[in-house]
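Summary of structural features
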Amino acid sequence: MTTQQWFDERHDYAGSSIGFRVTQRLHAEQTPFQNIEIWDSTDWGKLMVIDSCMMVTTRDNFFYHEMMSHPALFTHPRARRVVIIGGGDCGTLREVLKHDEVESAVQVEIDERVTRLAEQYFPELCESNNDPRAQLLFIDGIKWMAECEPESLDIVIVDSTDPIGPAEGLFNETFYRSCLKALRHGGILVQQSESPLAHLPLLKDIRKAMKGAGFQAMRTLTFPQPCYPTGWWSATLARKGVDLSDFRERGAEMKQFATQYYNAEIHKAALAMPEFLKAALED
Ligand code: SAM
């Protein structure tokens, strides 16, 4: 807090900051894994902050949760088994379960307190937690993935915090090799890959590690995310054995559920690569 009314998140590495006008701090705790705060704000609804980094706001989480899930689900021909690593606020789980073809969605979150606080302060994100297809596990996603049955998953979504602390090992070749092994042929890995503007070296490292692990095709999709550093974010998709040039455009056009951001046109637009990114990410 730099003043009484504002929660400011400074990004020294980017030379910028993002601020939210807040009314009160509703909760603060140190868990065995991280520090979690919940704030109320004048214009953004509730805010969840982990280790001083903004995770979720009521107002704008839909960009991130929809883009972490629907592009992969509308690329895979029929994703029956989906796993979310991290994602404890349950927003990605809710989006995944909007797809009828999904028979099982497992959320593997290391810190149960994130989910319990989401249930209390972001109940709308948790509205599918009791879906019979959903399973919530509270263990380390790195270990879970290393022990996962080979060729048993269609989509793995890594909805993690930044690559520090418990999430550090979710961004490297060893972890991606576990994901590749666990995916069936044609399976898709989705990694939240940070800001293309502020974290370009990290984005390049993520893609290098995915390639090193043996993924054949990669696409980085960009989208707005006002509450994250620079306000511009990305998700990188990597596929096992099959390319990523097409998606089920007709399926996306005919989707039987509501979204706030995602649609077939947005999917197409997100696949377009800005010139500087194309040059930087050429493999
Ligand atoms: N959308 C957010 C962002 O990009 O800032 C991420 C939100 S979600 C709350 C991230 C979650 O990843 C956190 O709840 C954290 O506990 C979880 N996490 C971090 N490392 C993990 C690990 N090794 N296994 C499982 N979950 C992990």
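Being a predicted model, the structure only gives us computed values, none of them experimental.

How each quantity is defined
- Each chain carries its own residue numbering, running from 1 in the written order of its sequence.
- Where totals are concerned, whole chains, interfaces and linings use all residues; where local detail is concerned, this predicted model gives features only for residues with pLDDT of at least 70, and gives and counts side-chain atom pairs only at 80 or more.
- Heavy atoms throughout the structure, all of them, feed into the side-chain values; hydrogens and water do not.
- Put simply, DSSP marks the helices as runs of H or I at least four residues long and the strands as runs of E at least two long, and each gets a number from the N terminus on.
- For the radius of gyration, the atoms used are the C-alpha atoms, and the globule rule reads 2.2 Å times the number of residues raised to 0.38.
- We call a residue buried when its accessible area falls under 20% of the maximum for its residue type, exposed when it is over 50%, and partly exposed in between, using a 1.4 Å probe and counting protein chains only.
- In what follows, residue pairs with any heavy atoms lying within 4.5 Å of each other are defined as contacts.
- The split of the chain into domains comes from an automatic or database domain assignment.
- Summed over both partners, the accessible area lost on bringing two parts together, with a 1.4 Å probe, is the buried area.
- We define a salt bridge as a contact between a side-chain nitrogen of Lys or Arg and a carboxyl oxygen of Asp or Glu at a distance within 4 Å.
- Pairing of N or O atoms within 3.5 Å defines a polar contact, subject to two protein rules: one partner must be a possible hydrogen donor and the other a possible acceptor, and residues neighboring in sequence count only if both atoms are side-chain atoms.

1. Regarding the overall build of the protein
Within the protein, the secondary structure is distributed over 9 helices and 12 strands. Here the C-alpha radius of gyration of the protein, 18 Å, is about what a compact globule of 283 residues would show, namely 19 Å. In terms of overall dimensions, the protein has a C-alpha envelope of 55 × 45 × 35 Å along the principal axes. Buried positions account for 54% of the 283 residues belonging to the protein. Residue pairs in contact within the protein that sit at least 24 positions apart in sequence constitute 66% of those at least 6 positions apart.

2. Comments concerning the domain arrangement of the protein
By domain assignment, the protein separates into domain 1 (6-13 + 20-57) and domain 2 (61-281). Domain 1 puts 22 residues into the contact, and the matching count from domain 2 is 20 residues. Both faces combined, the contact of domain 1 with domain 2 buries some 1,900 Å², and carbon together with sulfur accounts for 70% of it. Of all residues in domain 1, Phe33, Met48 and Val56 give up the largest surface area on contact with domain 2, accounting jointly for 27% of the area buried on that side. Summed over the shared surface of domain 1 and domain 2, the number is 1 salt bridge. Ionic pairing is found between Glu29 and Arg113, a salt bridge with its closest N-O pair at 2.8 Å. At the boundary of domain 1 and domain 2, one finds 6 residue pairs in polar contact (both at pLDDT 80 or more).

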